[in-house]
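Examining the three-dimensional arrangement
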Amino acid sequence: MAEAKSDVAGSLVPVTKQQATVMLEAAYLWMDLGKVDHAREVSAGAALLMPKSEVPQIVQGTIEFNDGHYDKALQAFRRAQQLAPKASLPRAHCGEALLFMGKVTEAMKDLKAAIDLEPDSDGAAFARSLIQAKEDGVLPPAGAKKK
């Protein structure tokens with residue numbers, strides 16, 4: 001019998017990109033439905049299944065960010081950054097979490113690094129929009145802890 005091939009590098013069991021997408025979209029759906037615990041479970045399962053992919057870590061961070069747990073979000077985004085050190089999106093998300101934590105100087109370093117890493121990427125575009133929001137006075141939000 002031929003061994004099943006995985007589309008997701010480093011996955012523990014064969015996983016197609018479509019299967020991974022459905023799993024991660026399910027986590028977002030649970031989050032949107034207000035079932036944050038279910039979203040956390042699904043994203044944690046995806047992270048265990050795909051330990052070398054930064055994407056489940058970004059999903060976990062997004063769930064925590066949307067639930068107002070910026071410190072936990074930052075931890076997840078940093079794990080994603082460790083898995084994909086040359087990718088801009090994890091860096092941009094780190095910058096976003098830091099802005100919401102009121103750590104503007106640190107946030108700006110991550111946002112600028114995101115742009116430098118991949119200038120034409122979605123992560124760089126996201127970083128630019130966050131920098132613009134900061135320059136426009138929209139971020140950090142009122143009540144963010146200044147550090």
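Residues numbered from 1 in each chain as written. Predicted model: local features only at pLDDT ≥ 70, side-chain atom pairs only at ≥ 80, totals over all residues. Heavy atoms only, no water.

1. A few points about a nonpolar patch on the surface
A contiguous nonpolar surface patch, about 300 Å² in accessible area, is contributed by Leu29, Trp30 and Leu33. Within the secondary structure, tryptophan 30 sits in helix H1 (residues 17–32). Looking at tryptophan 30, the relative accessible area reads 32%, which means it is partly exposed. (Patch = residues over 30% accessible without salt bridge, like charges linked within 9 Å, V, L, I, M, F, W, Y side chains within 5 Å. Areas by Shrake-Rupley, 256 points an atom, 1.4 Å probe, with all protein chains shown as cover. Salt bridge = Lys/Arg side-chain N within 4 Å of Asp/Glu carboxyl O. Helix = DSSP H or I, 4+ residues; strand = E, 2+ residues; numbered from the N terminus. Buried < 20%, exposed > 50% of the residue type's maximum accessible area, 1.4 Å probe, protein only.)

2. Some details on the packing of helix H5 (residues 88–100) against helix H7 (residues 122–135)
For the pair H5 and H7, interaxial distance at closest approach is 8 Å and the crossing angle is 20°. If you check the angle between H5 and H7, you find them roughly parallel. Where H5 crosses over H7, the two elements pack in a sense that is left-handed. Side by side, H5 and H7 meet where Ser88, Leu89, Ala92, His93, Glu96 and Leu99 of the first sit next to Gly123, Ala124, Phe126, Ala127, Leu130 and Lys134 of the second. Classifying every residue of the contact of H5 with H7 by side-chain character gives seven nonpolar, three polar and two charged. (Axes fitted to C-alpha atoms, helices over the stretch in contact; angles between N-to-C directions. Parallel < 35°, antiparallel > 145°, perpendicular 65-115°, else oblique. Left-handed = near helix turned anticlockwise from the far one by under 90°. Contact = heavy atoms within 4.5 Å. Nonpolar A, V, L, I, M, F, W, Y, C, P; charged D, E, K, R; others polar.)

Scope: geometric values only; no functional claims are made or implied.
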